[in-house]
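# Structural overview for review
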Amino acid sequence: MTPMMMGGPGGPRMGGHGGPGGPGGPGSRKPVKENPNSVQISKENAKFIMKNGFLFMACPKDAEPRRVLLHRDFPFDHPWSYISVLSTDNVELAFMQSVDLFDDEDKALIVRELERKYYTPSIKKILSVKDRFGFSYWDVETESGKVTFTLQDTFKSISRAGDNKLFFSDVDGNRFVIEDIEALDRKSHKKIELYL
């Protein structure tokens, strides 16, 4: 789905949904079901609470809170902007232009939920990469320890953000990042050169 402009409070919004790398990119999960009645929200008309480990939203603020999911429309370029608020059936209920439009308490809940959903370990060293039948198998070291993951259609599963930052989306929907490819050791850099 290509980005589109939609009118609403606070001006036009950027739309379109997908996984890492932009709409329909690698690692995307269930498609977001667009809703013509979706509203743009801020601290003026919405409130978030956490109940039993799940995020709930009241919109309007005096409405009965309902459980919601958060979805970044542009997870790499705008991680804290253009956030869709979804029902548990993946229907868009509301849309926030930025997390900064909420008070500190609500913003903390939103940020925590986004960080939980989009947790992205940082790759510090590439131990091995093996290609076989359209898949690549990676052994890496992250800040949390050694990890193995598999990419399908490797070139499409690696997204560049800026000059030196790379994002990986594996077959299970997990995400990994290399913050700066130039900071990798020589052996790690050589293993990834083919995909740059």
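How each quantity is defined
Starting from 1, residues in each chain are numbered consecutively following that chain's sequence as written. Local features in this predicted model are restricted to residues of pLDDT 70 or higher, and side-chain atom pairs are both shown and tallied only at a pLDDT of 80 or more, whereas totals for entire chains, interfaces and linings draw on every residue. In computing side-chain properties, one takes all heavy atoms of the structure into account and sets aside hydrogens as well as water. Helical segments are the DSSP runs of H or I of at least four residues, strand segments are the runs of E of at least two, and each set is numbered from the N terminus. N or O atoms within 3.5 Å of each other form a polar contact, as long as, within protein, one can give a hydrogen and the other can take it, and as long as residues adjacent in sequence are counted only when both atoms are side-chain atoms. For a helix, the expected span equals 1.5 Å multiplied by the residue count minus one. With a 1.4 Å probe rolled over the protein chains alone, any residue whose accessible area is under 20% of its type maximum counts as buried; one over 50% counts as exposed, and the rest are partly exposed. Whether two residues are in contact is decided by their heavy atoms, any of which lying within 4.5 Å being enough. What counts as a ring pair is set by centres within 6.5 Å for rings of Phe, Tyr and Trp (its six-membered ring), and what kind of pair is set by the plane angle: stacked under 30 degrees, edge-to-face over 60, tilted for all other angles. For a ring to carry a charge above it, either NZ of a lysine or CZ of an arginine must fall within 6 Å of the ring centroid while also lying within 35 degrees of the normal to the ring plane.

In this fold, arginine 116 is placed in helix α1 (residues 104-117). Here glutamate 113 takes part through its side chain, which lies 2.8 Å from a polar atom of the side chain of arginine 116.

Turning our attention to α1. For α1, with 14 residues, the first-to-last C-alpha span of 20 Å sits near the 20 Å given by 1.5 Å per residue. Listed as buried for α1 are Asp106, Leu109, Ile110, Val111, Glu113 and Leu114. Buried residues along α1 sit in contact with β4 (47-51), β5 (54-58), β7 (69-72), β8 (81-86) and β9 (92-98).

This paragraph deals with the packing of aromatic side chains. In this description, a pair of aromatic rings is defined by centroid distance and the angle of the planes. In this structure the tally under the stated criterion is 9 aromatic pairs. Ring geometry for tryptophan 138 versus phenylalanine 168: centroids 5.3 Å apart, planes at 70°, classification edge-to-face. Placement of the pair is tryptophan 138 in strand β11 (residues 135-142) and phenylalanine 168 in strand β14 (residues 165-169), with a sequence separation of 30 residues. Of the two residues, tryptophan 138 and phenylalanine 168, both sit in the buried class. Seen from their ring centres, phenylalanine 149 and phenylalanine 168 are 6.1 Å apart, and the 65° between their planes marks the pair as edge-to-face. Taken together, the residues span a long stretch of sequence, with phenylalanine 149 in strand β12 (residues 145-152) and phenylalanine 168 in strand β14 at a distance of 19 residues. Each member of the pair, phenylalanine 149 together with phenylalanine 168, is buried. Ring-pair connections join several aromatic residues into one group, and the members of that group are Trp138, Phe149, Phe155, Phe168, Phe176 and Tyr195. Directly above the aromatic system of phenylalanine 56 lies the positively charged group of lysine 51, at a separation of 4.5 Å from the ring centroid.

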